[in-house]
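# Report on the structure
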Amino acid sequence: MHLNQFTRRRLLINAGILGALPFLPSAALAAPMVDLGLPGGDGSRSLTNAFPGKGQLILQRTRPPLLETPFEVFDKELLTPNDLFYVRWHWSNIPTEIDAAAFRLRVHGHVQRPLELSLADLVALPSVDLVAVNQCSGNSRGFFEPRVSGGQWANGSMGNARWIGVRLKDVLDKAGVGAGAVAVRFRGLDQAVIPGGPDFMKSLAIDHARDGEVMIAYAMNGEALPFLNGFPLRLVVPGWYATYWIKMLSDVEVLAAPDRNYWMTEAYLVPDRPNGSISPDDKDVKMVPISRMNPRSFITSLRSGAHVQADAPMSLRGIAFGGDCGVARVSVSPDGGQTWRDARLGRDLGKYGFQRWDFAMTHVRGEHRILVRCTNANGAEQPMAPVWNRGGFMQNVVESVTFTAA
Ligand SMILES: Nc1nc2c(c(=O)[nH]1)N[C@H]1C(S)=C(S)[C@@H](COP(=O)(O)O)O[C@H]1N2
Ligand SMILES: [Mo]
């Protein structure tokens, strides 16, 4: 796919006008509410339209903005619309305006030729596009029992988009990676608000950074990136949790020694156990940086508590993704887990993206609990018991919906 003239022009003009980030949207009190049904209680949230470039999203936190995608969006669109794509920042010190013409991406550190690339320089490199799921490590954290601290997300801190940009490898080759480089560290234009607080930075091992898949995206679904999703550039790390997908990317630093920054060694650690799952009583578990995503699937056409007409033919549908590889199979159990049948898979937009599935049911009567389970191309399948860890990361339990046909 080629970036059309419209997008190129939009990128190169001074498109990044945000104004001031709202502190507390004044409409919040009168706003429509949603109940996320969190098991620990207090699942009521307001919907907000108050954020620049964003449509109606669930307000999880105002400063820094944490905005969740309402779940019904995933039923309507396979590519999550830019204005409904979730938002998550760690620090509220985010620039409120970016001059796209003056913007430079700095590439430095253990390289032969440090670079300062303009957006025009980047757009001139060979472009690549890829459909991939961006999912917060803590997606679904609000469903953890016992509850853990952190943003109490329901299932909407994920989204699927077509990312357009350049290969990180091409940019690194232009700079010439020095012999003995071990990692590449990324940071954006946001800064810590607390004096001495750790600016948000993540790094990837050098081979991962040069795998030809990791990209620097300048567009999303054919448009410039929304400001709050990282205008003008963001890292896209296909198959890995979004914590690595640095937004407003301004600095790429090649390191000759492992990255010891706070966000790699203290935060975003998961137990070194299958699926990152432990029991609340487990002590002294070895922790490692979070990395690859696991498979997930969701029923999107029906919510728990729904009433449908008995004996009418039903077509259930939903989405699945394989995580760090494609979807091999989606199975559905119409009877609470006793029997399983394969769902029909929809069009494959790429192994890192959402894939639709559907499943026909007939002679439905009474109360039903339907389960859906994805197996990925590596043979990993969703667990029947919920994942639990102290960070509230990597949830991918088999989801279910209970409804009544009468
Ligand atoms: N510069 C910067 N990039 C960042 C973050 C951040 O705080 N600052 N948060 C990361 C995390 S944890 C997530 S979940 C994703 C969220 O991406 P989105 O806001 O575009 O949905 O951005 C990632 N990239
Ligand atoms: Mo995240």
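Let me sum up the structure you'll find in this document. The written sequence of each chain sets the order in which its residues are numbered from 1. Lettering of chains starts at A and numbering of ligands starts at 1, both following the order in which they are written. With pLDDT at 70 or above as the cut-off, local features in this predicted model cover only qualifying residues; side-chain atom pairs require 80 or more to be listed or tallied, and sums for whole chains, interfaces and linings still use all residues. Side-chain numbers come from the whole structure's heavy atoms, not from hydrogens or water.

On to the overall build of the chain. Secondary structure follows DSSP: runs of H or I at least 4 residues long count as helices, runs of E at least 2 residues long count as strands, and numbering of each begins at the N terminus. Looking only at helices and strands, the chain has six helices and 28 strands in total. Considered along the principal axes of its C-alpha atoms, the chain spans approximately 70 × 45 × 45 Å. Only heavy atoms matter for contacts: two residues are in contact if any of them lie within 4.5 Å across the pair. Partitioning the contacts of the chain with sequence separation of at least 6, the portion at a separation of at least 24 is 70%. Per-residue and other accessible areas were derived by the Shrake-Rupley procedure at a 1.4 Å probe size, with only the shown protein chains allowed to occlude residues. Taken as a whole, the chain presents about 17,000 Å² of accessible surface, with 50% of it coming from carbon and sulfur.

Being near a molecule or strand, for a residue, means having at least one of its heavy atoms within 4 Å of it. By nearness alone, 19 residues border ligand 1, and Tyr86, His90, Asp190, Arg234 and Lys247 come closest of all. Within the backbone of Arg88, an N or O atom sits 2.9 Å from an oxygen atom of ligand 1. Relative to its free-state accessible area of 530 Å², ligand 1 is covered by the protein chains to the extent of 100%. Residues belonging to the shell around ligand 1 are distributed by class as follows: eleven nonpolar, four polar and four charged. Whenever a nitrogen or oxygen atom comes within 3.5 Å of another N or O atom, the pair is scored as a polar contact, on the condition that within protein one atom can donate a hydrogen and the other can accept it, and that pairs from neighbouring residues in sequence are kept only if both atoms are in side chains. Note on residue classes: Ala, Val, Leu, Ile, Met, Phe, Trp, Tyr, Cys and Pro are nonpolar, Asp, Glu, Lys and Arg are charged, and everything else, Gly too, is polar.

Moving on: the sheet that holds strand β20 (residues 296-299). One bridge is not enough; two strands pair if DSSP finds at least two bridges between them. Strand order across the open sheet formed by four strands is β20-β22-β26-β25, with antiparallel pairing between neighbours. Strands at the two margins of the open sheet, each flanked by one partner only, are β20 and β25 (344-345). In terms of strand pairing, β20 meets strand β22 (residues 314-321) through four bridges, oriented antiparallel. By the bridge assignment, Arg296 is partnered in β22 with Phe321.

Let us look at the pairing of strand β12 (residues 183-188). Taken residue by residue, a regular strand's side chains alternate between the two faces of the sheet. The buried fraction of β12 is high, at six of six residues. Buried, partly exposed and exposed residues are distinguished by accessible area as a fraction of the type maximum, computed with a 1.4 Å probe on protein chains only: under 20%, between the cut-offs, and over 50%, respectively. Across the two faces of β12 the burial is the same, with Ala183, Arg185 and Arg187 and Val184, Phe186 and Gly188 all buried. Across six bridges, β12 lies against strand β17 (residues 249-255) in antiparallel orientation. Within the sheet, the bridge partner assigned to Val184 lies in β17 and is Val254.

Turning to the sheet that holds strand β21 (residues 307-308), a few remarks are in order. The mixed open sheet is built from five strands, whose spatial order is β21-β28-β27-β23-β24. Each edge of the sheet is formed by a strand with only one pairing partner; in this case those strands are β21 and β24 (341-342). Where strand β23 (residues 327-333) lies against strand β27 (residues 366-376), six bridges are found, and the strand directions are antiparallel. From the neighbouring strand, Arg329 faces β27, where its bridge partner is Thr375.

Quick look at the side chain of Lys54 now. Secondary-structure assignment places Lys54 in the loop between β3 (44-48) and β4 (57-61). Only four residue types enter the tally: Lys and Arg on the positive side, Asp and Glu on the negative side; His and the chain ends are excluded. Just to be clear on terms, a salt bridge is a Lys or Arg side-chain nitrogen sitting within 4 Å of an Asp or Glu carboxyl oxygen. For the buried Lys54, which has no salt bridge, the nearest side chain bearing the opposite charge is Asp83, at an N-O separation of 6.9 Å. Of the polar contacts made by the side chain of Lys54, one reaches the backbone oxygen of Phe85; its length is 2.8 Å. Only 2.6 Å separates the side chain of Lys54 from the side chain of Asn229, close enough to count as a polar contact. Discounting residues that sit within four places of it in the chain, Lys54 has contacts with Asn49, Leu67, Asn82, Asp83, Phe85, Val87, Pro226, Leu228 and Asn229.

This part takes up helix α4 (residues 168-175). All of the buried residues along α4 are Leu168, Val171, Leu172 and Ala175. Considered in projection along α4, the buried side chains sweep an arc of 100° and stay on one side of the axis. It is the directions from the helix axis to the C-beta atoms that the arc portrays.

It is worth spelling out the packing of aromatic side chains at this point. Here the aromatic set is Phe, Tyr and Trp, taking the six-membered ring for Trp, and pairing holds for ring centres within 6.5 Å; pairs whose planes are under 30 degrees apart are stacked, those over 60 apart are edge-to-face, and all others are tilted. A complete count under the given rule lists 13 aromatic pairs for this structure. Taken together, a centroid distance of 5.9 Å and an interplanar angle of 80° make the contact between Phe85 and Trp163 edge-to-face. Linking Phe85 in the loop between α2 (73-76) and β6 (87-88) with Trp163 in strand β11 (residues 158-167), this pair joins segments that are 78 residues apart in sequence. Of the residues examined, Trp163 reaches a relative accessible area of 0% and is grouped as buried. Three or more aromatic residues joined by ring pairs make a cluster, and in this case those are Phe71, Phe74, Phe298, Phe321 and Phe354. When the ring centre of Tyr244 is taken as reference, the NZ or CZ atom of Lys202 above it lies at 4.7 Å. By definition here, charges over rings are those cases where NZ of Lys or CZ of Arg is within 6 Å of the ring centre and within 35 degrees of the ring normal.

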